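Each chain, letter by letter, is given below.
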Amino acid sequence: MRIMISGLSGCGNTTACNNVAKALGLQVLNYTFRTMAAEKGMPFEEFYPIASSDPKYDYLVEKRQVELAENTQDCVLGSRLAGWAVDDVDLRVWLNASLETRAKRIANREGKPFEQVLEAVRNRDDGDKARYKALYGVDVDDHDGFDLVVNTEWLTAEQAAALIVAAAKLAKENNIQKPSKIAKRIKQIIAEKLGE
């Protein structure tokens, strides 16, 4: 079973991936700019401006995500573009929450002032949305093609995961697999841009 969980910063993506994977006995695959920064031995705050200004890093991250998903039958894959970039999945999930709620969660998690985090999250959202539209033609505010949209604003992490687990079990029982409308195009763009 393959489950894709996407959402903007602070929606609870990582927690949901981990909780759903644990409940269903699946592996978590989550290759992001944070992962790449750690591999390069750089703090995320230093790496993100570099990565977000050079499309090569987006292509490398998405290429790695797609490869991981294609080579792992049973997994929960979490990333901004997983719902669009990966084909052959049992369930596509988008997590939602307001900008303020997401910023508050991140500020609490990182011990930073709310106003500072609010501005950073707003800028990151705007930058990510513009990049994904320019690079892949993906509008992250358009959730057509997702099987489940979960508003995590008023849910605990456990409640959000329980909804996803229930939906995943139904998807598996019914053996419904919907191909992504644009996964093939995203893979072609990545291959062309990386010269493969």
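The paragraphs below set out a description of the structure included in this document. (Residues numbered from 1 in each chain as written. Predicted model: local features only at pLDDT ≥ 70, side-chain atom pairs only at ≥ 80, totals over all residues. Heavy atoms only, no water.)

At a minimum axis distance of 10 Å, the contact between helix H4 (residues 55-70) and helix H9 (residues 183-193) shows a crossing angle of 125 degrees. It follows that H4 is oblique to H9 by the angle criterion. Helix-helix and strand crossings are classified by hand; for H4 and H9 the assignment is left-handed. Of the residues in H9, those touching H4 at Tyr59, Glu62, Lys63, Val66 and Glu70 are Lys187, Ile189, Ile190 and Lys193. Here the contact of H4 with H9 is built from residues that sort into 4 nonpolar, no polar and 5 charged. (Axes fitted to C-alpha atoms, helices over the stretch in contact; angles between N-to-C directions. Helix = DSSP H or I, 4+ residues; strand = E, 2+ residues; numbered from the N terminus. Parallel < 35°, antiparallel > 145°, perpendicular 65-115°, else oblique. Left-handed = near helix turned anticlockwise from the far one by under 90°. Contact = heavy atoms within 4.5 Å. Nonpolar A, V, L, I, M, F, W, Y, C, P; charged D, E, K, R; others polar.)

Relative to the helices and strands, tryptophan 94 resides in strand E4 (residues 91-96). Since its relative accessible area comes to 1%, tryptophan 94 is described here as buried. A polar side-chain atom of tryptophan 94 sits 3.0 Å from a polar atom in the side chain of asparagine 96. (Buried < 20%, exposed > 50% of the residue type's maximum accessible area, 1.4 Å probe, protein only. Polar contact = N/O pair within 3.5 Å; in protein donor to acceptor, adjacent residues only side chain to side chain.)

What follows concerns the packing of aromatic side chains. All told, the structure shown has 8 aromatic pairs when counted by the stated rule. Relative to tyrosine 136, the ring of tyrosine 59 lies with its centre 5.8 Å away and its plane at 85 degrees, an arrangement referred to as edge-to-face. Taken together, the positions of tyrosine 59 in helix H4 and tyrosine 136 in helix H7 (residues 114-136) put the pair 77 residues apart, joining distant regions of the chain. Among the residues examined, tyrosine 59 registers a relative accessible area of 6% and is labelled buried. When the centroid spacing of 5.7 Å and the interplanar angle of 70 degrees are considered together, the rings of tryptophan 84 and tryptophan 94 count as edge-to-face. With tryptophan 84 in helix H5 (residues 82-85) and tryptophan 94 in strand E4, this residue pair connects regions lying 10 residues apart in the sequence. The burial state of tryptophan 84 is the same as that of tryptophan 94; both residues are buried. Among the aromatic side chains, those forming a connected cluster through ring pairs are Phe33, Phe44, Phe47, Tyr48 and Tyr57. One cation-aromatic arrangement involves arginine 34 over phenylalanine 44; the distance from NZ or CZ to the ring centre is 3.9 Å. The ring of tyrosine 48 has arginine 124 sitting right over it, with the charged end atom 4.9 Å from the ring centre. (Phe/Tyr/Trp six-rings, centres within 6.5 Å; stacked < 30°, edge-to-face > 60°. Lys NZ or Arg CZ within 6 Å of the ring centre and 35° of its normal.)

Spatially, E2-E3-E1-E4-E5 is the arrangement adopted by the 5 strands of the open sheet, whose pairing is parallel. Both outer strands of the open sheet, strand E2 (27-29) and strand E5 (148-151), are each paired with one neighbouring strand and no more. In this sheet, neighbouring strand axes are inclined to one another by 20 degrees on average, regardless of whether the strands run parallel or antiparallel. Where E2 meets strand E3 (residues 75-78), 3 bridges bridge the pair, whose relative direction is parallel. Of the residues in E3, the one forming a bridge with leucine 29 is leucine 77. Here helix H8 (residues 157-174) sits on the sheet in contact with strand E1 (2-7), E4 and E5, set at roughly 170 degrees to E5. (Pairing = 2+ DSSP bridges.)

As a further point, take the pattern of salt bridges. Scanning the model with the defined rule gives 15 salt bridges in all. Residue arginine 34 pairs with glutamate 110 through a salt bridge whose shortest N-O separation is 3.9 Å. Pair noted here: arginine 34 is in helix H2 (residues 33-39) and glutamate 110 is in helix H6 (residues 99-110), with a separation of 76 residues, a long-range link. By relative accessible area, which is 39% here, arginine 34 ends up partly exposed. Here aspartate 125 makes a salt bridge to arginine 102, at a shortest N to O gap of 2.4 Å. Of the two residues, aspartate 125 is situated in helix H7 and arginine 102 in helix H6; the sequence distance between them amounts to 23 residues. Judged by its relative accessible area of 4%, arginine 102 is buried. The network of salt bridges with common partners includes Arg34, Glu45, Arg109, Glu110 and Lys112. (Salt bridge = Lys/Arg side-chain N within 4 Å of Asp/Glu carboxyl O.)

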